[in-house]
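# Analysis of the macromolecular model
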Amino acid sequence: MKKLVIVAALGLSLSGCASRYAATPYLAPAQPIQTVSLAQDITPSEASAFEVASVGSNFGLIGALIDAGVQDSRKDRVNEALSGVKFDAEMEMQAVLSQALQSKNIQVTILSGEDRKKREFLLKYPKNENGQATLDVVVLNYGYISAGSGQPWRPTVMADVQLVDADGKQILLKNRIAYNVVNPQQGIITLYPDPQYIFSGREEMINNPEKLAEGLRVALTAVAVESVKLIQ
Amino acid sequence: MKKVVYLAASCALLASCASGPGFSSPVTKFAGVNCLAKPDLTTATSLEFKKKKKFNELSVPVVQTSKCLSTANGDTPFQLFAIPGVTQNRVFEIGSAVEPLRVFSPDIATLDGNGNVVRRFSKDQFAFRGGVYSVQMRALENEKFVLVTTAPQEVGKFFDSIQTSTSTTSVYTGFGAANWTNGVDRNYTRAFSYEGTIIARVVDTTPSTK
């Protein structure tokens, strides 16, 4: 998990200039898609709570050591607060993705299988007996982020989206969606955060678990809706 | 610990990335001059780039004196792009630059070789992609041109967006130079405009053979 946060945070902060994302836009097939299987294990097991330009990160190795402890402690408390209100990101994402697909008259089944080894697309898609295509949404990171010391905390989500044909061989679409990402990479879809869900700091976040969870629900829903919008 | 070290390094690298267009105001009127009834296909700007690069980009400023087209929705500035002959492994991203105060309000359609509309992108097919408000597409066999005009119904509409970023400044101490990175959390209010900048990007998605 720590490794993931390192990679995600590095990716987020470097994305401003280092690389551009190359998407594969959807090209509607002759036979419109009416049935889709949804790959599971969509979200990471824990939410993140990361301050990007923290004071500690500006003070070399000693600052970095202190900062790592502060960041981890905050993340633990945020996850405890979310557990307290029984927030389940995986179930939320499955529900909102299914709902978004159904609203486009696409029937959904859940593709059973093992959990991912890494936060990336499935390496091999099983032949889809129940749908014309498989939708693979991989949330790379979700949680709360602050751009830096003294800046507010807002929900954040970064997800990769891929639709493959029933044989699992042809990629019908591939894209990356970022909800409130610091320094977003060129070429990825960027969604601006809902201004309602804002916290001044750690204490306000953990003392308002319902609002904390609702902010994530809104962010994950926005990403799910955007994912399904790509199928047109 | 590693996490923070990586972050500090990455934030420092970001210091050289800050750039952007000026603070021009949104323009809600367009007084077209010598407007055409239909675009001249022979004057289209080619999206075939001489340099073989994975990412290529063209930007075209839109002002009152830009080329004008008379449409059912009124007079509009326009830009016509010619889709290259070989479209396999190419992704086209067409839209407009997100400026600090405004975004050119784009209406995007593809045309066949005779200038007939093949497909027109609806508003919900547009998305913000970093600093561009755009559609992405792979070209169909009969699509030869991309026509960018204005969506007049959107012109003048305001929208808010919260954008987060980091900025790094170098400071000199008695022991040498040091970088300090700050977080930025800012709400922008922008409006769709008749003027702005049209952006066309072409991405070569040919798998690398290296």
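These numbers come from a predicted model, not from an experiment.

Let's shift gears to the overall build of chain A. In terms of regular secondary structure, chain A is built from 5 helices and 7 strands. For chain A, the α and β elements follow one another from N to C terminus as α-β-β-α-α-β-β-β-β-β-α-α. Taken against the 2.2 N^0.38 rule, which gives 17 Å for 232 residues, the C-alpha radius of gyration of chain A at 18 Å falls within 12% of a compact globule. Structurally, chain A occupies a C-alpha span of about 55 × 40 × 30 Å along its principal axes. Classification of the 232 residues of chain A by burial places 50% in the buried group. For chain A, long-range pairs separated by at least 24 residues make up 73% of all intrachain contacts whose partners lie at least 6 apart in sequence.

Before going further, it helps to examine the sheet that holds strand S5 (residues 79-82) of chain B. Strand-to-strand pairing in sheets goes through backbone hydrogen bonds, with the strands running parallel or antiparallel. One open sheet holds the 5 strands; their spatial order is S1-S5-S12-S8-S9 (chain B), and the pairing between them is mixed. Bordering the open sheet on either side are strand S1 (45-46) and strand S9 (117-120) of chain B, each of which pairs with just one other strand.

Of note, the phi angle at A:Lys86 is positive, near 55 degrees, even though the residue is not glycine. Along the chain, A:Lys86 turns up in the loop between helix H2 (60-84) and helix H3 (89-102). Of note in the backbone geometry, B:Asn34 takes a positive phi value of approximately 50 degrees without being a glycine. Within the secondary structure layout, B:Asn34 lies in the loop between helix H1 (2-14) and S1.

So, on to the nonpolar core. With 99 residues, the main nonpolar core has A:Val157, A:Ala159, A:Ile177, A:Leu220, A:Val223 and B:Val146 as its most contacted residues. In this structure A:Ala159 touches A:Val137, A:Val138, A:Val139, A:Leu140, A:Ile177, A:Val223 and A:Ser227, once residues within four positions along its chain are discounted.

All names here are of chain B. In spatial order, the strands read S7-S14-S13; together these 3 strands make up an open sheet with mixed pairing. Two strands bound the open sheet, and with one partner strand each, they are strand S7 (102-104) and strand S13 (158-173). Strand-to-strand twist of the sheet, defined as the mean angle between neighbouring strand axes without regard to direction, takes the value 40 degrees. One ladder, built from 3 bridges, connects S7 with strand S14 (residues 176-193); its direction is parallel. What sits directly across from Arg-102, in S14, is Ala-191.

Before going further, it helps to examine the pairing of S5(B). All names here are of chain B. Across 2 bridges, the pairing between S1 and S5 is parallel. Residue pairing for S5: Ser-46 is matched across the bridge by Ala-82. With 4 bridges joining them, S5 and strand S12 (residues 145-150) adopt antiparallel strand pairing. Across the sheet, residue Phe-81 finds its bridge partner in S12, namely Val-146.

In this model, chain A carries a mean pLDDT of 90, and residues with pLDDT of at least 70 account for 92%. Taken element by element, chain A is modelled with least confidence in helix H1 (residues 2-14) of chain A, mean pLDDT 43, and with most confidence in helix H5 (residues 209-229) of chain A, mean pLDDT 98.

What follows deals with H2(A). All names here are of chain A. With 25 residues, H2 extends 36 Å from end C-alpha to end C-alpha; this agrees with the ideal 36 Å at 1.5 Å per step. Buried within H2 are the following residues: Ala-64, Asp-67, Gln-71, Arg-74, Lys-75, Val-78, Ala-81 and Leu-82. Of the residues trailing H2, Lys-86 is marked for its positive phi of about 55 degrees.

With that out of the way, let us pick up the environment of B:Ile83. All names here are of chain B. Along the chain, Ile-83 falls in the loop between S5 and strand S6 (90-97). Given 22 C-beta atoms within 10 Å, Ile-83 falls into the buried group. Along the backbone, Ile-83 and Thr-110 are 27 residues apart, and their C-alpha atoms lie at a distance of 9.3 Å. Residues within four places of Ile-83 in sequence aside, it is in contact with Leu-47, Ala-139, Glu-143, Lys-144, Phe-145 and Val-146.

A few words on the packing of H2(A) against H5(A). All names here are of chain A. Relative orientation of the contacting elements H2 and H5 amounts to 95 degrees, with a least axis distance of 9 Å. Taken together, the axis directions place H2 and H5 in an arrangement best described as roughly perpendicular. On the side of H2, the interface is formed by Ala-81, Leu-82 and Gly-84, while H5 contributes Pro-209, Leu-212 and Ala-213. Looking at the contact of H2 with H5 residue by residue, the classes come out as 5 nonpolar, 1 polar and no charged.

A separate point is the packing of H3(A) against H5(A). Residues and elements named next belong to chain A. At a closest axis distance of 9 Å, the pairing of H3 and H5 adopts a crossing angle of 40 degrees. In terms of axis orientation, H3 runs oblique to H5. Relative to H5, the crossing made by H3 is right-handed. Contacts from Ala-89, Glu-92, Met-93, Val-96, Leu-97, Ala-100 and Leu-101 in H3 reach Leu-216, Arg-217, Leu-220, Thr-221, Ala-224, Val-225, Ser-227 and Val-228 in H5. Along the lines of polarity and charge, the residues of the contact of H3 with H5 split into 11 nonpolar, 2 polar and 2 charged.

So, how was this worked out
Residues numbered from 1 in each chain as written. Chains lettered and ligands numbered in written order. Predicted model: local features only at pLDDT ≥ 70, side-chain atom pairs only at ≥ 80, totals over all residues. Helix = DSSP H or I, 4+ residues; strand = E, 2+ residues; numbered from the N terminus. Rg over C-alpha atoms; globule rule 2.2 N^0.38 Å. Buried ≥ 20, exposed ≤ 12 C-beta atoms within 10 Å, placed from the backbone. Contact = placed C-beta atoms within 7 Å. Pairing = 2+ DSSP bridges. Core = buried A, V, L, I, M, F, W, Y, C linked by C-beta atoms within 7 Å. Axes fitted to C-alpha atoms, helices over the stretch in contact; angles between N-to-C directions. pLDDT = per-residue confidence, 0-100. Expected span 1.5 Å × (residues − 1). Parallel < 35°, antiparallel > 145°, perpendicular 65-115°, else oblique. Nonpolar A, V, L, I, M, F, W, Y, C, P; charged D, E, K, R; others polar. Left-handed = near helix turned anticlockwise from the far one by under 90°.

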